[in-house]
Amino acid sequence: MCGIVGYFGSDKARQYLLEGLERLEYRGYDSAGISILDHEKNRFVSVKTVGRVETLKKRTSHLKEAMLGMGHTRWATHGGVSETNAHPHYAYNGRFIVVHNGVIDNYKTLKADHLKGIDVVNDTNTEVIASLLARFAEKMTVEDAIKQTLDLLEGSFALLILDQDHPSVLYGAKNKSPLILATSNGDWYIASDLLALPSNTERFHVMSDHTWFKLENKTLTSYQAHGATIDFDFEAFKDLGPLAERGEHAHFMLKEMLEQPQILETLVAHHQSHGFDEALVTALKEASSLEIIAAGTSWHAGLVGKHLLEKTLMKPVNVHIASEFAYHPPFVSEHPLFIFISQSGETADLIACHPYIKTKEAPLLTITNVPTSSLSRMADYVLDLKAGPEIAVASTKAYTAQITMIALLCAHITHDQALSNDILTIASSMREFLQDHIKIQPLVKELLTNHHAFYMGRGLDYLTGLEAALKLKEISYIQTEGFAAGELKHGTIALIEEDTPIIALIGEASTSALTRNNIHEVEARGAKALVISFKSLSEPTDAIIFEDVNPMLSPLLLVVPTQLIAYYAALMRGLDIDKPRNLAKSVTVE
Ligand code: F6R
């Protein structure tokens, strides 16, 4: 979704802003813009464009280097995709310039109450921030105008602000949307994502909610929302280097799928040597129920995790879709423990659940790939997935890392060394299968000739099918449904006709015969079925057969061919695999 970069340093504003915006491209966006200081005129100039940062680069090639500037990539929420709606946005009188991530919920009220008679140029909710600043600054200092504006804003925001009347100052503020301040060689860098920081960054500070800062001639003053100064504590920066690069791979998604066996092995090795926080283990044991909250692929990992955790802890584990939980919190047991599962750690739908969780005064565990993220900082316990940056919008390695993490936690609780070894067996089967991933291509070519497809299975296979269907639809745009095979005759069979593609997953012994019956039923109606199974449950006509593994962990292996099916389906359609249309990597608005 939207991304922010800022620079205040010697003379690299243009270079850094464009490089930083390029590094933010993976998050998904539809337009981009920068404001940069023109030293001759002592004023900021802005350039905005619809489409890629590459276009912005061309359109800013005439601009000279500068010591101060800010940039933005926009993913449209309020108002269509247009140059006018792209950031930066100006106040009605042109004085303040703002880039903004997040959504101001009360912008209509603010307009009505404070900006009567002022013409609105664009459809976004950001312009109101710049205009409020300008209106208040008519009567008070800029610092007081910022305080007053921040006081009025409801919703989420990461903001950078420039002032045409004082072009040697940059302000930033944050509530709910991430903003990071960093230094290197005496220069300041600001970004909404660690991945946008330059590789030579020395130290960084992840801003807390309700804080803001002023950089004046490179000197930092930091404040709490109401104006008292505070110290920002900075930590050492570790460059993610090649981990965030595509290398020889055609797509990040392919690279990330191929990394999975190594990630599983790293997690096993790490937790074998470091164990888990015993306070977390005690909290899990003492809780009367576990309430997992997640979205999308992470929700699917939570559904699998529920099976593992229930068997281990012998207590109810409920899995909630975050956007549902936030506004319709269900009845929860007396002493719950909440678990956020989130690759990015920034998903707004999960952040929106936090106020309710706080009222329960219950422990919170966050399982995430980004330990510096907002959801990590809200939690009492954090489990770091150690999967390395996931750049492709379609989540693959985070899903298998999330399930592995939960499995390892269960293994730790029950002292089950065999379970860790089972993960290592799966990692080698994955590696073997992935080595020859091209073999999926002809299967896809033959099977996925329609604009719709189905995945079916039972138990854990059904849950894998849900994830498989999401992956296929999001990157190939083939309408795909994952359903519990037992539900076939309760509705879905009505959609089965000649050549309907159905992929059946068979990893569960107790239901494999029943799912086989369902395959016969769809084939009898002309469907093309492709079966992925394990050896002891297989039939000679199955397209993909894995050696048997611990059935509790079967989703870890079964999901891999489904990821590749999605990848090759998108590849064969010539689609933008890493950046599918309309999707964003980190969903930072509700
Ligand atoms: C699908 C996908 C999304 C995310 C979802 C939650 O491939 O990536 O469904 O899983 O947006 O994101 P996180 O895990 O960052 O909270």
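Now for a look at the structure at hand.

So, the sheet that holds strand E14 (residues 229–230)
At step 1: Strand order in the open sheet formed by 7 strands is E5-E6-E7-E8-E12-E13-E14, with antiparallel pairing between adjacent strands. Each having just a single partner strand, strand E5 (89–90) and E14 make up the two edges of the open sheet.
At step 2: In the sheet, strand E6 (residues 96–101) pairs with strand E7 (residues 157–163) via 6 bridges, with the strands oriented antiparallel. Residue pairing for E7: Val99 is matched across the bridge by Leu160.
At step 3: Each of E5, E6 and E7 touches helix H4 (residues 127–137); the most contacted strand, E6, lies at about 140° to it.
At step 4: Along the sheet, helix H5 (residues 142–152) makes contact with E6, E7, strand E8 (169–175), strand E12 (211–216) and strand E13 (219–224), crossing E12 at roughly 155°.

Describing the site of the ligand
At step 1: The ligand sits among 15 residues. The nearest are Ser298, Ser342, Ser344, Thr347 and Glu474.
At step 2: In this structure, Ser344 approaches the ligand through a side-chain N or O atom, which is 2.6 Å from an oxygen atom.
At step 3: Between Ser395 and the ligand, the recorded distance is 2.9 Å, taken from a backbone N or O atom to an oxygen atom.
At step 4: Taking 400 Å² as the accessible area of the ligand by itself, protein coverage stands at 90%.
At step 5: If you list the elements that add at least two residues to the shell around the ligand, you get helix H9 (296–313) and helix H17 (460–476).
At step 6: Its residues assigned to classes, the shell around the ligand shows 5 nonpolar, 8 polar and 2 charged.

Some remarks on the packing of aromatic side chains
Given two aromatic rings, one states the distance between the centres and the angle between the planes to describe the pair.
At step 1: Following the criterion strictly, the structure yields 12 aromatic pairs and no others.
At step 2: Ring geometry for Trp188 and Phe234: centres 5.9 Å apart, planes at 65°, overall edge-to-face. Here Phe234 lies in the loop between E14 and strand E15 (235–236) and Trp188 lies in strand E10 (residues 187–191), a separation of 46 residues in the sequence.
At step 3: The exposure class assigned to Trp188 is buried, which follows from its relative accessible area of 10%.
At step 4: Taking 5.9 Å as the distance between ring centres and 40° as the angle between the ring planes, the aromatic pair formed by Phe534 and Phe546 counts as tilted. Of the two residues, Phe534 is situated in strand E24 (residues 528–534) and Phe546 in strand E25 (residues 544–546); the sequence distance between them amounts to 12 residues. Accessibility classification places Phe534 together with Phe546 in one group, the buried group.
At step 5: One aromatic cluster is present, built from ring pairs that chain together Tyr7, Tyr16 and Tyr189.

A look at the layout of surface pockets
Empty space among the atoms becomes visible once a probe the size of a water molecule is rolled across them.
At step 1: Of the voids in this model, the largest pocket is the one considered here, and its volume is about 890 Å³.
At step 2: Around the largest pocket sit 39 residues that line it, and Leu240, Asn369, Val370, Pro371 and Pro389 are the ones nearest its centre.
At step 3: For the lining of the largest pocket, the secondary structure elements donating two or more residues are strand E11 (203–206), E15 and helix H7 (260–274).
At step 4: Looking at which element gives the most residues to the lining of the largest pocket, the answer is H7, with 3 residues.
At step 5: Tallied by class, the residues present in the lining of the largest pocket amount to 16 nonpolar, 10 polar and 13 charged.

Considerations on the pairing of E6
In the case of a regular strand, side chains alternate between the two sheet surfaces.
At step 1: Of all 6 residues making up E6, 6 are buried, and the element is well covered by its neighbours.
At step 2: Side-chain alternation along E6 places Phe96, Val98 and His100 on one buried face and Ile97, Val99 and Asn101 on a second face that is also buried.
At step 3: Bridging between E5 and E6 involves 2 bridges; their strand directions are antiparallel. For His89, the partnering residue across the bridge sits in E6 and is Val98.
At step 4: Where E5 hands over to E6, the hairpin turn is made up of 5 residues, of which Gly94 adopts a positive phi near 80°.

Here's the deal with the pairing of strand E22 (residues 479–484)
At step 1: Alignment of strand E21 (residues 452–457) against E22, held across 6 bridges, turns out to be parallel. Bridge assignment links Gly457 to a residue of E22, and that residue is Ala484.
At step 2: Read from E21 through H17 to E22, the crossover connection turns out right-handed.

A look at the packing of H7 against helix H14 (residues 397–414)
A pair of packed helices can be characterised by two numbers: the angle between their axes and the separation between those axes.
At step 1: One can describe the packing of H7 onto H14 by two numbers: an axis separation of 10 Å at closest approach and a directional angle of 25°. When the axes of H7 and H14 are compared, the pair comes out roughly parallel. Viewed along their axes, H7 and H14 form a crossing whose handedness is right-handed. Facing Gln260, Ile263, Leu264, Leu267, Val268 and His271 of H7, the residues of H14 in contact are Lys397, Thr400, Ala401, Thr404, Met405 and Leu408.
At step 2: Taken together, the residues that form the contact of H7 with H14 break down as 7 nonpolar, 4 polar and 1 charged.

So, the sheet that holds strand E23 (residues 501–506)
At step 1: Taken in spatial order, the 5 strands line up as E22-E21-E23-E24-E25 in an open sheet, and their pairing is parallel. The two strands at the open ends of the sheet, each matched to only one other strand, are E22 and E25. For this sheet the average axis-to-axis angle between neighbouring strands, irrespective of direction, equals 15°.
At step 2: Of the strands in this sheet, E21, E23 and E24 are in contact with helix H18 (residues 509–523), which crosses E23 at around 170°.

Looking at helix H1 (residues 13–23)
At step 1: When we look at burial in H1, the residues that qualify are Ala13, Arg14, Tyr16, Leu17, Leu18, Gly20 and Leu21.
At step 2: Turning to H1, the residues buried within the fold contact strand E1 (3–8), strand E2 (31–38), helix H2 (53–59), strand E4 (68–74) and E10.

Notes on empty space enclosed by the protein
At step 1: One pass over the full model with this rule turns up 3 cavities of 30 Å³ or more.
At step 2: Roughly 120 Å³ of volume is contained in the largest cavity.
At step 3: Forming the walls of the largest cavity are 15 residues, and the residues nearest its centre are Cys2, Trp75, Thr77, His87 and Gly102.
At step 4: Class assignment for the residues of the lining of the largest cavity results in 5 nonpolar, 9 polar and 1 charged.

Calculation rules
Residues numbered from 1 in each chain as written. Predicted model: local features only at pLDDT ≥ 70, side-chain atom pairs only at ≥ 80, totals over all residues. Heavy atoms only, no water. Pairing = 2+ DSSP bridges. Helix = DSSP H or I, 4+ residues; strand = E, 2+ residues; numbered from the N terminus. Contact = heavy atoms within 4.5 Å. Axes fitted to C-alpha atoms, helices over the stretch in contact; angles between N-to-C directions. Near = heavy atom within 4 Å. Polar contact = N/O pair within 3.5 Å; in protein donor to acceptor, adjacent residues only side chain to side chain. Areas by Shrake-Rupley, 256 points an atom, 1.4 Å probe, with all protein chains shown as cover. Nonpolar A, V, L, I, M, F, W, Y, C, P; charged D, E, K, R; others polar. Phe/Tyr/Trp six-rings, centres within 6.5 Å; stacked < 30°, edge-to-face > 60°. Buried < 20%, exposed > 50% of the residue type's maximum accessible area, 1.4 Å probe, protein only. 1 Å grid on protein atoms, 1.4 Å probe; cavity = no way out; pocket = protein on both sides within 12 Å on 5 of 7 lines; lining within 4 Å. Points joined across faces, edges and corners; volume = space filled by probe spheres on them. Right-handed = clockwise from strand over helix to strand, strands pointing away. Parallel < 35°, antiparallel > 145°, perpendicular 65-115°, else oblique. Left-handed = near helix turned anticlockwise from the far one by under 90°.

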